[in-house]
Every structure is written in structure tokens, then in C-alpha cells.
Amino acid sequence: MVRLTVLAMIMSAAVPALAQTTPPATPTTPGIVSKAVDPYAPTDPDELEAWLRARGEAYYRAPDARQDPAELAQTASLNAEIAANNDRAEAQEQSNVADYEAAKVKYDAAVSAHRAAAAEAATAQANYEADLRASQAAQAQYERDQAEWRRRVAACERGDRSACAPRQ
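So, how was this worked out
- Residues numbered from 1 in each chain as written.
- Predicted model: local features only at pLDDT ≥ 70, side-chain atom pairs only at ≥ 80, totals over all residues.
- Heavy atoms only, no water.
- Helix = DSSP H or I, 4+ residues; strand = E, 2+ residues; numbered from the N terminus.
- Buried < 20%, exposed > 50% of the residue type's maximum accessible area, 1.4 Å probe, protein only.
- Contact = heavy atoms within 4.5 Å.
- Areas by Shrake-Rupley, 256 points an atom, 1.4 Å probe, with all protein chains shown as cover.
- pLDDT = per-residue confidence, 0-100.
- Salt bridge = Lys/Arg side-chain N within 4 Å of Asp/Glu carboxyl O.
- Expected span 1.5 Å × (residues − 1).

**As for the overall build of the protein chain**
Secondary structure assignment for the protein chain yields three helices and zero strands. Along the chain direction, N to C, the helices and strands of the protein chain fall in the order α-α-α. Evaluated residue by residue, the protein chain yields a buried proportion of 5% over its 168 residues. For the protein chain, the proportion of contacts with a sequence separation of at least 24, taken over those separated by at least 6, is 6%. Roughly 14,500 Å² of accessible area belongs to the protein chain as shown, and the carbon and sulfur atoms make up 59% of that amount.

**Some words on the confidence of the model for the protein chain**
Taken over all residues, the pLDDT of the protein chain has a mean of 82, while the share at 70 or more is 74%. Highest mean pLDDT in the protein chain belongs to helix α3 (residues 69–157) (95); lowest belongs to helix α1 (residues 2–19) (56). Confidence drops under a pLDDT of 50 for residues 22–27, and excluding neighbours within four residues, the segment shows four contacts in the predicted structure.

**Comments concerning the pattern of salt bridges**
Working definition: two side chains of opposite charge can pair if their charged atoms are close together. By the definition in use, this model includes one salt bridge. Taking the shortest distance from any N to any O, the salt bridge between Glu-148 and Arg-151 comes out at 2.5 Å. With a gap of three residues between them, Glu-148 and Arg-151 both fall in helix α3, about one helical turn apart. Taking relative accessible area as the criterion, Glu-148 reaches 26% and is therefore assigned partly exposed. Arg-151 sits in the partly exposed class, given a relative accessible area of 48%.

**Details of the environment of Ala-41**
Here Ala-41 lies in the loop between α1 and α2 (45–54). Here the alpha-carbon distance between Ala-41 and Trp-51, two residues ten residues apart in the chain, equals 7.4 Å.

**Description of α3**
Counted at 1.5 Å a residue, the expected span for α3 with its 89 residues is 132 Å, and the 129 Å between its end C-alpha atoms agrees. For α3, the set of buried residues is Val-111, Arg-152 and Ala-155. Of the residues trailing α3, Gly-159 is marked for its positive phi of about 115 degrees.

Pasting the structure below:
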């Protein structure tokens, strides 16, 4: 019973797949799509060209004998216009690159100047702090010396003659 169910499931999945067959590929000439390759391709040449372009198909150049001089002149004119636009775009790109490089050099100079100024400020701050510590140490020494002098003056006024002698 289980085997029959599994077989039925396999067959039900395989039947639609077997029903889908692709037509055999037939060689075609470039630029021409036959109904065997794509049954939905239009038969009108103008429609076929638009249809191929919409699908992104490659364009194949017609032989020189079938070229229209007016179309060739228009194509050359359009190609020249595209080339001129490309040249302008390239010139603009080169100008943009040059502007970027100049701005980068200016920025790098500003960064270097900022770093130099920051280093100078750090040195000035360190010198200020060292001077402040020296000043505070000198003030503390002055206050100790002043306290010692007041103590000796007070001792001298109390009658201690050894305190009245100058220090050596």
C-alpha cells in the first residue's frame, strides 16, 4: 500500500514535467528569428527589430549594399554627438579629479597646520603647568621662610638672644 502511494506521488509529479517539452533548437542566421526558435516573434521586420531590441538582442549590421546613405549620415552624426558628449564627460571627470586632488592637498595642509598648532599648544600648556608648579613651590618656600622668620622674631622679642642672630 505504501509503495503504491509513493509510486502515485512520483507519477503525479512526473506527468506534468513530461508534458512540457521544448522544441528542438534550429540554427538560424544572425539577426533573423524563426518561428521555430520563438513562436511569439513578430513577422513584420520593423516590429521584429523593435521586439529584438526590447529583449536586448544584438543588432547585426546589414550588408553595405543594403545600407541607406541618409541613415548612414544620421548614424555618423549621432555617433559624433555621442563621442563629443563622451569627450565632455571625460574632460569634466578630469576637472573633477583635479579639483578633488587640489582640495585634498589643501585639506592635508590644514590638518598638518592644525596638528602643528595643537603640538605648540600642548607644549605651551606643559610649560605653563611647569611654571605654575615652580611658582607654587616658590610661594610655599616663601611662606615657610616667612613663618620661620616670624618665629625667630617672636623668640628674639621674648629674650632668646640666639634667635636674634642673623642666619647663616
